[in-house]
2 protein chains.
Amino acid sequence: MKIAVDAMGGDNAPEEIIKGVVEAARKNPCEIILVGDEKKIRDVLKNEGDTSNLPISIKHATEVITMREHPADAVRTKKDSSIVVATHMVKDGKCDAVLSAGSTGAAVAAAQLILKRIHGIGRPAIATPFPTAKGVTLLLDSGANVDSRPEHLVQVGIMGAIYSEYVLGKKNPTVGLLNIGEEETKGNEQVKETYDLLKNNSAINFLGNAEGRDIPEGNFDVVVCDGFVGNVVLKFGEGLAMTIFKLIKEEIDAAGVSAKLGALLLMPTLKNLSKRLDVSEYGGAPLLGVDGYCIISHGSSDAKTICSAISRSQEYVKSHILERIKTFI
Amino acid sequence: MKIAVDAMGGDNAPEEIIKGVVEAARKNPCEIILVGDEKKIRDVLKNEGDTSNLPISIKHATEVITMREHPADAVRTKKDSSIVVATHMVKDGKCDAVLSAGSTGAAVAAAQLILKRIHGIGRPAIATPFPTAKGVTLLLDSGANVDSRPEHLVQVGIMGAIYSEYVLGKKNPTVGLLNIGEEETKGNEQVKETYDLLKNNSAINFLGNAEGRDIPEGNFDVVVCDGFVGNVVLKFGEGLAMTIFKLIKEEIDAAGVSAKLGALLLMPTLKNLSKRLDVSEYGGAPLLGVDGYCIISHGSSDAKTICSAISRSQEYVKSHILERIKTFI
């Protein structure tokens, strides 16, 4: 298996991306092509010890798409950007998957323009694994499209259920529709229509509406929503969790000796919890609905996240999800 | 000042509602009318010690609107329900404000049907104070209306800024529009149009788009969004915070003696933090945009929350927000 990694995308690129790739290559038998500025990549690789025997190669690309650029315009004009070149390698059959921690909009636009949507799919969706009290819940769409129509959201639900079953290993995964109340009559026009369509779709195990709290509580395997709502919720959740842990630290710093000793004794336990809640364990989120394997990692990804994302990408490719989605749609 | 309290609304009604009212009446010079089943109210009051000298009276109402009922239908048919009777007392000038922890939909419908909207206001909004790293951020609309139009959201922003300034004491409060990115071009049609309108409105201190993480980080005094998004975000936030603290407890329970000792030593610090983040300190959320003072408390409110909500309601009435909103719109 060959994975094209956008070496230039992300807040910590190229350093952390390349570190993560080296770590992954040392662990798993998987060929990785680093796409981006060859000189910069070689400079970073030099610091990673002996990598000459690792299955890592470089594909030079002269441009980078930044977070500030209009995604679709940038993909159209920057033909030699790392994300465009990496996505083309999948389209041309030179790689099995593309992974990027760069501009999410650019990765989605490149996938839509180059790999194209699976025939019959209205809107691709980013499927983000969210750590919960009971394991992991797949939240999608978490930002590929805003203003989705109800029929698109039904497809999003089907794709999410397939991913949850064949990659995350949930049997007959439960699907919920993110809404402001449990009752069928709740919500805006978009979700009310989606509810009716999901209820009458026998392909998935639809349990009804999910409220916001159902996500962290882990009451559904898959939660479906519009990309606007999903993206706001995810960023809010990241911010809230970070704020809570930051405030705990602040209170400890301001507290007396006994609290500081308490914090010290409790540290291994808190670390254990932080591992349970660590998004980087999942590494990346697949873009479902395009005709190729595309994985999007968080902009702030570090080496550990990229390494996990590469493992996850391998499972994703091996699952033959693309064929399964094509059969269902 | 007189406040009508829906004694029958909420998961813990009437017990906790009445307890909270007694606590508030003992603290503050404010007349309270408990609205609901007189016999039940008297039975609970008996357990609260000597209340004969407190400024608490009872207004009998035979019906209750439950969470499961269709709000507007229930308000129209159950004319002798506690929330309808309490709201009428404000309309008729017998009370200055109405407070309910019952069905939010019913409280909003009663306010809209009985108090009516302020002339010129398209949609009322629930303004929820959210505890953040830097104090409190007002999130609105957090659930009064879904499918708001851009011009409604601008009014929501203006009302939020007025409330933030005159009740929460923020000077020239900063206003953000909840969106999926900082850039002006981001988001769905609704928020893009709203952005343009807010940008050109000199009445408020609009700083641009707020992302999900900006809410817990406290980067804006007021964050404006559609009631669908606001409600999902709030419930998600409640669930996530509860899940994190529940998981910390789980990990401690499963850990060894030293971690348990650490937890014990750290307890006062964690309690301090939990107080900083405690939503019940704010008690309730005003429904802005209706022609009367209406405060909505969380369905799970306990006595402490109700007591805080009564204090907050008094500040709200004293602020003459209604007149200020009427001047601005």
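These numbers come from a predicted model, not from an experiment.

Let's talk about the confidence of the model for chain A
Across chain A, pLDDT averages 93, with 99% of residues at or above 70. Here the prediction assigns the complex a pTM of 0.93, and the interface score ipTM is 0.92.

Focus: the sheet that holds strand S9 (residues 205-210) of chain A
Residues and elements named next belong to chain A. Taking strand neighbours across the sheet as the criterion, the five strands line up as S6-S7-S10-S8-S9 in an open arrangement whose pairing is mixed. With one partner strand each, in any of the chains shown, strand S6 (128-132) and S9 form the two edges of the open sheet. Along the sheet, successive strands turn relative to each other by an average axial angle of 30 degrees, direction set aside. Relative to strand S7 (residues 135-140), S6 is paired through five bridges, and the arrangement is antiparallel. Within the sheet, the bridge partner assigned to Thr-128 lies in S7 and is Leu-139. Against the sheet, helix H6 (residues 150-166) engages S7, strand S8 (174-178) and strand S10 (222-224), with an angle of about 165 degrees to S10. Contacting S6, S7 and S8, helix H9 (residues 227-254) runs over the sheet at an angle of about 140 degrees to S7.

Some details on the relation of the copies chain B and chain A
The transformation that overlays chain B on chain A combines an axial shift of 0.0 Å with a rotation of 180 degrees, and the residual RMSD is 0.0 Å. Expressed as an axis order, the relation between the two copies is that of a two-fold axis. Ranked by how close their C-alpha atoms come to the rotation axis, the residues of chain B are headed by Gly-262 of chain B, at 1.8 Å. By residue overlap, the copies meet face to face through one surface: 100% of the interface positions of chain B are interface positions in chain A.

What to know about the packing of helix H1 (residues 15-27) of chain A against helix H2 (residues 38-46) of chain A
All names here are of chain A. Between H1 and H2, whose axes approach to 10 Å, the crossing angle comes to 60 degrees. Considering their axes alone, H1 and H2 lie oblique with respect to each other. Our pair here, H1 against H2, has a crossing hand that is right-handed. Between H1 and H2, the residues in contact are Glu-15, Ile-18 and Val-22 and Ile-41, Val-44 and Leu-45, respectively.

Some points on the interface of chain B and chain A
Contacts between the two partners involve 57 residues from chain B and, on the opposite side, 57 residues from chain A. Buried surface at the junction of chain B and chain A, both sides included, amounts to about 5,200 Å², of which 72% is carbon and sulfur. Looking at the side of chain B facing chain A, the largest losses of area belong to Phe-228, Phe-236 and Glu-251 of chain B, adding up to 14% of the total buried there. Counting across the chain B and chain A interface gives six salt bridges. Between Glu-183 of chain B and Arg-68 of chain A there is a salt bridge, with the nearest N and O atoms lying 3.9 Å from each other.

What about the environment of Asp-43 of chain B?
With respect to the helices and strands, the residue Asp-43 of chain B is situated in helix H2 (residues 38-46). Considering only alpha carbons, one finds Asp-43 of chain B and Glu-15 of chain B, 28 residues apart in sequence, at a separation of 9.4 Å.

Observations regarding the side chain of His-152 of chain A
Residue and element names in this part refer to chain A. You can see His-152 is positioned in helix H6. By relative accessible area, His-152 is classed as buried at 5%. Excluding residues within four positions of it along the chain, His-152 makes contact with Gly-122 and Arg-123.

Regarding the packing of aromatic side chains
Two measures describe an aromatic ring pair: the distance that separates the ring centres and the angle between the ring planes. In this structure the tally under the stated criterion is nine aromatic pairs over all chains. With centroids separated by 5.3 Å and ring planes inclined at 80 degrees, the aromatic side chains of Tyr-195 of chain A and Phe-206 of chain A adopt a geometry described as edge-to-face. In this pair, Tyr-195 of chain A is assigned in helix H7 (residues 189-199) and Phe-206 of chain A in strand S9, connecting sequence segments eleven residues apart. Across this residue pair, the class does not change: Tyr-195 of chain A and Phe-206 of chain A are buried. Grouping aromatic residues by their ring pairs yields a cluster made of Phe-130 and Phe-236 of chain A together with Phe-130 and Phe-236 of chain B. Lying across the ring of Tyr-166 of chain A, Arg-324 of chain A places its NZ or CZ 3.7 Å from the centre.

What counts, and where the lines are drawn
Residues numbered from 1 in each chain as written. Chains lettered and ligands numbered in written order. Predicted model: local features only at pLDDT ≥ 70, side-chain atom pairs only at ≥ 80, totals over all residues. Heavy atoms only, no water. pLDDT = per-residue confidence, 0-100. Pairing = 2+ DSSP bridges. Helix = DSSP H or I, 4+ residues; strand = E, 2+ residues; numbered from the N terminus. Axes fitted to C-alpha atoms, helices over the stretch in contact; angles between N-to-C directions. Contact = heavy atoms within 4.5 Å. Least-squares fit on C-alpha atoms with pLDDT ≥ 70 in both. Parallel < 35°, antiparallel > 145°, perpendicular 65-115°, else oblique. Left-handed = near helix turned anticlockwise from the far one by under 90°. Buried area = accessible area lost by both parts, 1.4 Å probe. Salt bridge = Lys/Arg side-chain N within 4 Å of Asp/Glu carboxyl O. Buried < 20%, exposed > 50% of the residue type's maximum accessible area, 1.4 Å probe, protein only. Phe/Tyr/Trp six-rings, centres within 6.5 Å; stacked < 30°, edge-to-face > 60°. Lys NZ or Arg CZ within 6 Å of the ring centre and 35° of its normal.

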